[in-house]
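What follows is each chain in one-letter form.
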Amino acid sequence: MSDIGDWFRSIPFITRYWFAASIAVPLIGKLGLVDFRNLLLFPEMVFSRFHIWRPVTATLYFPITPNTGFLYLVNLYFLYHYSTRLETGSFDGRPADYIFMLLFNWICIVITGLLINMQLLMIPLIMSVLYVWAQFNKDTVVSFWFGTQFKAHYLPWVILAFNFIIGGSFVNELTGNLVGHLYFFLMFKYPMDLGGRAFLSTPEFLYRFFPSRRGGVSGFGVPPTRRQAPQDNAGGFGGRHNWGQGFRLGGE
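Residues numbered from 1 in each chain as written. Predicted model: local features only at pLDDT ≥ 70, side-chain atom pairs only at ≥ 80, totals over all residues. Heavy atoms only, no water.

**A look at the overall build of the protein**
Per the secondary structure count, the protein includes 10 helices and two strands. Looking at the protein alone, contacts between residues at least 24 apart form 68% of all its contacts between residues at least 6 apart. Carbon and sulfur atoms form 64% of the exposed surface of the protein, whose accessible area is close to 12500 Å². (Helix = DSSP H or I, 4+ residues; strand = E, 2+ residues; numbered from the N terminus. Contact = heavy atoms within 4.5 Å. Areas by Shrake-Rupley, 256 points an atom, 1.4 Å probe, with all protein chains shown as cover.)

**Some thoughts on a nonpolar patch on the surface**
A surface patch of nonpolar side chains, about 890 Å² in accessible area, is lined by Leu103, Ile107, Ile111, Leu115, Ile116, Phe164, Ile165, Phe170 and Val171. Broken down by secondary-structure element, the contributors of at least two residues to the nonpolar patch are helix 6 (95-116) and helix 8 (155-165). With five residues, the top contributor of residues to the nonpolar patch is helix 6. As for its position among the elements, Ile111 is in helix 6. Relative accessible area serves as the criterion here: at 47%, Ile111 is assigned to the partly exposed category. (Patch = residues over 30% accessible without salt bridge, like charges linked within 9 Å, V, L, I, M, F, W, Y side chains within 5 Å. Salt bridge = Lys/Arg side-chain N within 4 Å of Asp/Glu carboxyl O. Buried < 20%, exposed > 50% of the residue type's maximum accessible area, 1.4 Å probe, protein only.)

**Observations regarding unusual backbone geometry**
Within the chain, Phe50 stands out as a residue other than glycine whose phi angle is a positive 55 degrees. Phe50 sits in the exposed class, given a relative accessible area of 61%. One non-glycine residue, Asn117, adopts positive backbone phi at about 60 degrees. Tracing the backbone shows Asn117 in the loop between helix 6 and helix 7 (122-136).

**Some remarks on the nonpolar core**
With 66 residues, the main nonpolar core has Trp18, Leu86, Tyr98, Met101 and Tyr183 as its most contacted residues. If you list the elements that add at least two residues to this core, you get helix 2 (13-30), helix 4 (54-60), helix 5 (69-88), helix 6, helix 7, helix 8, helix 9 (171-193) and helix 10 (204-209). Sequence-distant contacts of Met101, defined by excluding residues within four places in its chain, comprise Leu86, Phe91, Val129, Val132 and Tyr183. (Core = buried A, V, L, I, M, F, W, Y, C linked by side-chain atoms within 4.5 Å.)

**Details of the packing of helix 5 against helix 8**
Between helix 5 and helix 8, the least distance of the axes is 11 Å, while the angle of their chain directions is 160 degrees. On the basis of the axis angle, helix 5 is roughly antiparallel to helix 8. Two packed elements cross with a definite hand, and for helix 5 against helix 8 that hand is left-handed. Residues Leu71, Val74, Asn75, Phe78 and Tyr82 of helix 5 lie in contact with helix 8, whose contacting residues are Leu155, Ile159, Phe162 and Asn163. Its residues assigned to classes, the contact of helix 5 with helix 8 comprises seven nonpolar, two polar and no charged. (Axes fitted to C-alpha atoms, helices over the stretch in contact; angles between N-to-C directions. Parallel < 35°, antiparallel > 145°, perpendicular 65-115°, else oblique. Left-handed = near helix turned anticlockwise from the far one by under 90°. Nonpolar A, V, L, I, M, F, W, Y, C, P; charged D, E, K, R; others polar.)

**A word on the packing of aromatic side chains**
On inspection of all chains with the given rule, the structure shows 22 aromatic pairs. Ring geometry for Phe62 versus Tyr72: centroids 6.1 Å apart, planes at 15 degrees, classification stacked. With a gap of 10 residues between them, Phe62 in the loop between helix 4 and helix 5 and Tyr72 in helix 5 connect regions that are remote in the sequence. The exposure class assigned to Phe62 is buried, which follows from its relative accessible area of 6%. Classification of Tyr72 as buried rests on a relative accessible area of 5%. Aromatic pair Tyr131 and Trp157: ring centres 6.4 Å apart, planes at 90 degrees, arrangement edge-to-face. Of the two residues, Tyr131 is situated in helix 7 and Trp157 in helix 8; the sequence distance between them amounts to 26 residues. In textbook terms, an aromatic cluster arises when at least three aromatic residues are bridged by ring pairs, as seen for Phe91, Tyr98, Phe100, Phe104, Phe136, Tyr183, Phe184 and Phe188. (Phe/Tyr/Trp six-rings, centres within 6.5 Å; stacked < 30°, edge-to-face > 60°.)

**Some words on the environment of Tyr61**
With respect to the helices and strands, Tyr61 occurs in the loop between helix 4 and helix 5. The sequence separation of Tyr61 and Ala21 amounts to 40 residues, and the corresponding C-alpha distance is 8.6 Å. Excluding its chain neighbours within four sequence positions, the residues that come into contact with Tyr61 are Val25, Pro26, Gly29, Phe36, Leu39, Leu40, Leu120 and Met122.

**Regarding the UniProt feature "transmembrane region" (unreviewed entry) in the protein**
UniProt records the feature "transmembrane region" (unreviewed entry) at residues 17-40, 60-80, 101-134 and 154-186, using the numbering of this structure. This span, residues 60-80, is 62% helix and 0% strand, and a straight line between its end C-alpha atoms measures 13 Å. As annotated, residues 101-134 has a helix share of 85% and a strand share of 0%, and its two end C-alpha atoms lie 15 Å apart. (UniProt positions renumbered as here; feature names shortened; annotations may be inferred.)

The structure is reproduced here in C-alpha cells:
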C-alpha cells in the first residue's frame, strides 16, 4: 500500500485531485450512496431547480458497468497520462495557467452540454486536455496499440475513433477535440503565429492563489520572441512550433 501511496503523492497536485475525484464520484454512484441521476447534467434541473452542482458532478462522474467499465478505465488512464505531462511539461511551474486552461475548457464543454443535452462531461474534458498536449507535441511520433505509429498531431482523432469503437459516443470525443482546438487557437496559435489579438489570459486572482514557480510569467498572450523563455523548461513555450517533447503512448 505504501507503494500506491507514494505513486499517488508523486502525481502533480492539479492532476492528482482531478484524478482522485474522477475515481471517487463514479464509486459513489456505483455504490448507490447517491442516486447517479443526481450526478448527471440535465438542463431543466440546472435552470428550473437550480441544481448548480450538476455541471461539476457530470464532469467527474462516469457510469461503471460491464459495458462501460473498460471505456472508463481507458479514459481515466488518458486523464492521468496526458494531464500529468501537460502539468509537468508545458505548464511546469505555472499552476494558475493550467487551471485556467481546465476552467476555460470546462466552461465551454458545460455550455455545449446544456445546449445539446450531453449528460456526461468526463470524456470531453479529458479529450480537450489530450488535444492540447498533442498540439504542443504535434511532430512527435507516438506509438499506439498493435505497434502503429503516427505523429501526435493525429492522436486526438485516433483516440476519438478508438473510443467510439469500444463504446464511446463520438459526440463527446468530438466536443473535447473542438474545445481543445478553440483554447489552443485563441491562447497560442492566433496571437503567436498569426499576430492577432490575445483574447485569452489567465486572471490575476488565479496567480494569487496559485503563484508561478521557477520564474514563470503571468499569461501567454504575446509572441514567444517578445520574452525570454525559462532556461529549465525545455517543454515550454520557448520557440515557434517547438512546443514540447514526446513520449511513447502507453509508456512511462
